[in-house]
Amino acid sequence: MKYSDISNRRVDQRLKRRQRAERRYRLYGQVAITLALLFLLMFFASIITRAVPAFYYHRVNLTLELSPKVFAGRQGEPLPRKITERQAKSLMEDAIALELGALAQRERLRRALIAPLAALELKQLLEKEAEVRHRLGDRLLLPFVLNSAGENCIRNACANSAEVDDFGLSEGQRQALSILHKRGLITRHFNLVFFTHSDSRSSESAGILGALLGSFWALLIAFLLAFPLGLFTAIHLQEFAPRNRLTYLIEVAIYNLAAVPSIVFGLLGLAIFLNWWHLPRSAPLVGGMVLALMTLPTIVVASRNALAAVAGGIRSAGLALGASRVQVVFHHVLPSAMPGILTGTIIGMAQALGETAPLLMIGMVAFIAQAPLSPLEPATALPVQIFIWADHPDPAFSSRSAAAILVMLVFLIVMNSLAVILRRSFERSG
Amino acid sequence: MKTQQNKKEQIAPKVVARGVNVYYGEKQALFQVKLEVPHRRVTSLIGPSGCGKSTFLRCINRMNDVIAGCRVEGSITIDGLDVSSLDAVALRARIGMVFQKPNPFPKSIYENVAYGVRIHGLADTKDEMDAIVRRSLARAGLAREVSERLNDPAYSLSGGQQQRLCIARAIALQPELILMDEPCSSLDPIATARIENLIAELSRNYTILIVTHSMQQAARVSHRTVFFHLGRVIESGETTQVFTNPKRKQTERYITGRIG
């Protein structure tokens, strides 16, 4: 037997083993990615199914008589320009009585089924329609928002079941709802309130506008602070600073900061920004400052890597033409590194958008019913709002929590896609 | 030819180096380098890798300044002025440099040539700038290929074209001296031939100092040749003399391929 035959046989045997190993490793990869996708799918399915109920709600349509008795006026007189909430409430009570008769008197149905918000809405509507010149005695068909007990009852089809369950409704109240439902007076609407209102005690008027604005202000402050600071730190460290023990220490410190748990930054913010500098509590300004501290290392590290990745030839070329070092950096190196820097910054900002812990420490975890119009007003942020609502016993709030998660995911996906698009477009033009 | 050369020899040399020592940290890279580069001639520096040719080249326009731990001793003068007494930025504006790998800026062809002119404020109007850019591209033998697409990115050019663009960029500043650090090492033979022709043409107006690994190239393009070995100048002289009748044993061994 020739040597070459032996060696070929050995190679063949080994080749089979190698091919088996290769198939095995590919399988591992496929299993891993399938599992990952499955988890992702489960996550989205669970969030979406929980969030969907938050995007619609029900109203009960009632015929409202502008009874002269309520306004202490006479039939045919114009409606007064100013209406009290109390008058609106009694109009609604009359409307319910008109629809349901004796059942209404016994069960105090307005308070049990209709949202407190509805009275305010009615008052505003009638005052706004003053020009229409409604007269006392007119009848109007108007929709009223159900409160969370009524809403839950409708959603769970309790109106059709005989069991009395714990929606906080009495048997009579449940029957009343059932009658209204059968008469086709209950209609479903898109929940615009969720996007136009801030947090509220009652689920039907709770929205994410305040949290969105709070997050917007905080991110704006964080970006304005962290981007220039991080960028110039990176430029100095990478392009100008001498390589010595001090800069090495600074470098290590920055890498370590990137790994510090965010709650620590929250504590720092509490101790320095609030207790020492006496900045306003719960304000997006302070939230933004804390988030800036948190994202700073991410931006510095990403920017340094982007700067380091710029081909050295460009620097020599600039210097050899007689450009100063600052000119070389700002005319050539920085533009080439910009896509990487922006990508790092956007990813840092996306992290900041999802950050809850440091905001808890500086008091952005509060019930705030008003949307912040400046970064100095008390506010909460999107992830904190999710946290607050998720904890709420009312299921309507936890579905709003899931809806808020969806909104936040949309923002995160948009931000990350922006990072990808930026990088692509720079790569093409560079 | 011979008489013309003799006449030029009498003009004071462009660059004079005396006792140049260069250290990278503890390591000494150049030892007592003594060298003269004649005016408007091509001088090539040859020698095995790591012998200090490029290091010497970078001493002339002080590109070694930006390397941490690099120290230069001795004197290098250009037209009698010591380079260490000049401002590095002003010095480099007077000396063009072309690198081993083509390194155009990631900008348009036009911007690449205009950049140096712009930062030194050498053109007052757009027309003046256009004229400088077109003239430089023409001198670098690139005008015909790129005149229709001056706003295209420089990276859209081929390697050889990029290298000629880098030469155009350097001569846009009307330098007194052009340093070339193995300008053809990443190019194919055709692109190399074009650059060599260009060097011959440029030597009518510019003093050129070229580092090369290829002895044929040194023989083809240069009037004078300097042989470096282990950080020392072993021999320097007229190219024909160095290649046909080297005075030193080491030079002979190198050019016949026995060391390096």
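Residues numbered from 1 in each chain as written. Chains lettered and ligands numbered in written order. Predicted model: local features only at pLDDT ≥ 70, side-chain atom pairs only at ≥ 80, totals over all residues. Heavy atoms only, no water.

A. Just the sheet that holds strand E1 (residues 15-24) of chain B, in detail. All names here are of chain B. Strand order in the open sheet made by the four strands is E2-E1-E4-E5, with antiparallel pairing throughout. In this open sheet, the two strands that pair with only one neighbour each are strand E2 (27-37) and strand E5 (81-82). As paired strands, strand E4 (residues 70-78) and E5 are joined by two bridges and run antiparallel to one another. The residue of E5 that forms the bridge with Ile-78 is Leu-81. (Pairing = 2+ DSSP bridges. Helix = DSSP H or I, 4+ residues; strand = E, 2+ residues; numbered from the N terminus.)

B. Representation of unusual backbone geometry in the model. All names here are of chain B. Despite not being glycine, Arg-40 has its phi angle at roughly 50 degrees, a positive value. Within the element layout of this structure, Arg-40 appears in the loop between E2 and strand E3 (42-46). Non-glycine residue Arg-62 carries a positive phi angle of around 55 degrees. Here Arg-62 is to be found in the loop between helix H2 (53-60) and E4. We classify Arg-62 as buried; its relative accessible area is 18%. (Buried < 20%, exposed > 50% of the residue type's maximum accessible area, 1.4 Å probe, protein only.)

C. Just empty space enclosed by the protein, in detail. Residues and elements named next belong to chain A. Under the counting rule described, the total for this entry stands at four cavities of 30 Å³ or more. Taken as a whole, the largest cavity encloses approximately 60 Å³ of empty space. Around the largest cavity sit Val-60, Leu-62, Ile-96, Glu-99, Leu-100, Leu-109, Leu-113, Ile-114 and Leu-180, which together line it. Elements that contribute at least two residues to the lining of the largest cavity include exactly strand E1 (56-65), helix H3 (85-100) and helix H5 (109-113). (1 Å grid on protein atoms, 1.4 Å probe; cavity = no way out; pocket = protein on both sides within 12 Å on 5 of 7 lines; lining within 4 Å. Points joined across faces, edges and corners; volume = space filled by probe spheres on them.)

D. Up close: the domain arrangement of chain A. All names here are of chain A. On domain assignment, one finds that chain A holds domain 1 (3-52), domain 2 (55-201) and domain 3 (209-429). Its C-alpha centre places domain 2 at a distance of 47 Å from the equivalent point of domain 3. The largest share of the area that domain 2 buries against domain 3 comes from Phe-194, Ser-198 and Asp-199, three residues that together contribute 48% of it. The tally of links from domain 2 across to domain 3 stands at zero salt bridges. Sorting the residues of the side of domain 2 that touches domain 3 by element identifies helix H7 (148-155) and helix H9 (193-196) as the ones contributing at least two each. Among the elements that take part in the side of domain 2 that touches domain 3, H9 stands out by supplying three residues, more than any other. Among the residues making up the side of domain 2 that touches domain 3, the classes are represented as three nonpolar, seven polar and two charged. (Domains from an automatic or database assignment. Buried area = accessible area lost by both parts, 1.4 Å probe. Salt bridge = Lys/Arg side-chain N within 4 Å of Asp/Glu carboxyl O. Nonpolar A, V, L, I, M, F, W, Y, C, P; charged D, E, K, R; others polar.)

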